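# Examining the three-dimensional arrangement
Residues per chain are reported as follows:
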Amino acid sequence: MTTLQWDDALLLDQPELDTIHREFVDLLIEAESAPDEQLLALWQRIITHTEGHFGLEDRWMLAAGFAPENCHMHQHKMVLDILREGVSQAAAGNLQLLRDMLPDLAKWFDYHARTMDAALVYHLQTTGFDVHAEPSAAAPAVALAAAPSGCGCSGAGSSNACG
Ligand SMILES: [Fe+2]
Ligand SMILES: [Fe+2]
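Worth saying up front: this structure is predicted, and the values here are computed from it rather than measured.

## Comments concerning the environment of His76
- Looking at where His76 falls in the secondary structure, it is placed in helix 3 (residues 72-91).
- Taking the C-alpha atoms as reference points, His76 and His112, separated by 36 residues in sequence, lie 9.8 Å from one another.
- Non-local contacts of His76, meaning those with residues more than four positions away in its chain, are made with Phe54, Glu57 and Asp58.

Laid out in structure tokens, this is it:
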């Protein structure tokens, strides 16, 4: 029995992101019901998937000139840092931390997709940005140092100003 579930209200009318977002939620659902011996491996899959997910959005933001003052990329980095810290904690025996993080991660994602990702998709669609022309697979990884910052976020929880 899982408490997490996909919500069609998360659909952004952007096929690539909608697929990636659905996959992300499916991984969270899978992790929620995973036995202890599988949880860390699943967490690693979540990290790998999230690296691709955030990396694609980051490249689109840079290529499309999306709101240079935005903190979207900064928030991506913070969440990935938290996910990676979870690996360290779990490897030290604290699997419960990962289980505790799952509902927070789902809650964060729900708000992030409806706000920051929705704003990005709106920008891409209204500017006519061709996501298929963007060489996503060949593009170099985005360094945060080259990305906008200064969003004032203090964490990935739902209570901060960045969602
Ligand atoms: Fe996203
Ligand atoms: Fe995002």
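## Thoughts on the packing of helix 3 against helix 4 (residues 95-127)
- At a minimum axis separation of 11 Å, helix 3 and helix 4 run at an interaxial angle of 170 degrees. Regarding the angle of helix 3 to helix 4, the classification is roughly antiparallel. For helix 3 against helix 4, the interelement crossing comes out left-handed. Only Leu95, Leu97, Leu98, Met101, Trp108, Met116 and Leu120 of helix 4 make contact with helix 3, whose side of the interface consists of His72, Gln75, Val79, Gly86, Gln89 and Ala90.
- Taken together, the residues that form the contact of helix 3 with helix 4 break down as 9 nonpolar, 4 polar and no charged.

## A word on the packing of helix 1 (residues 15-32) against helix 2 (residues 36-64)
- Running from amino to carboxyl end, helix 1 crosses helix 2 at an angle of 165 degrees, the nearest separation of the two axes being 10 Å. With respect to helix 2, the axis of helix 1 lies roughly antiparallel. Classified by chirality, the crossing of helix 2 by helix 1 is left-handed. Counting all contacts with helix 1, which are made through Ile20, Glu23, Phe24, Leu27, Glu30 and Ala31, the residues of helix 2 involved are Leu39, Leu42, Trp43, Arg45, Ile46, His49, Thr50 and His53.
- Here the residues of the contact of helix 1 with helix 2 are counted per class, giving 8 nonpolar, 3 polar and 3 charged.

Quick notes on the rules
- Residues numbered from 1 in each chain as written.
- Chains lettered and ligands numbered in written order.
- Predicted model: local features only at pLDDT ≥ 70, side-chain atom pairs only at ≥ 80, totals over all residues.
- Helix = DSSP H or I, 4+ residues; strand = E, 2+ residues; numbered from the N terminus.
- Contact = placed C-beta atoms within 7 Å.
- Axes fitted to C-alpha atoms, helices over the stretch in contact; angles between N-to-C directions.
- Parallel < 35°, antiparallel > 145°, perpendicular 65-115°, else oblique.
- Left-handed = near helix turned anticlockwise from the far one by under 90°.
- Nonpolar A, V, L, I, M, F, W, Y, C, P; charged D, E, K, R; others polar.

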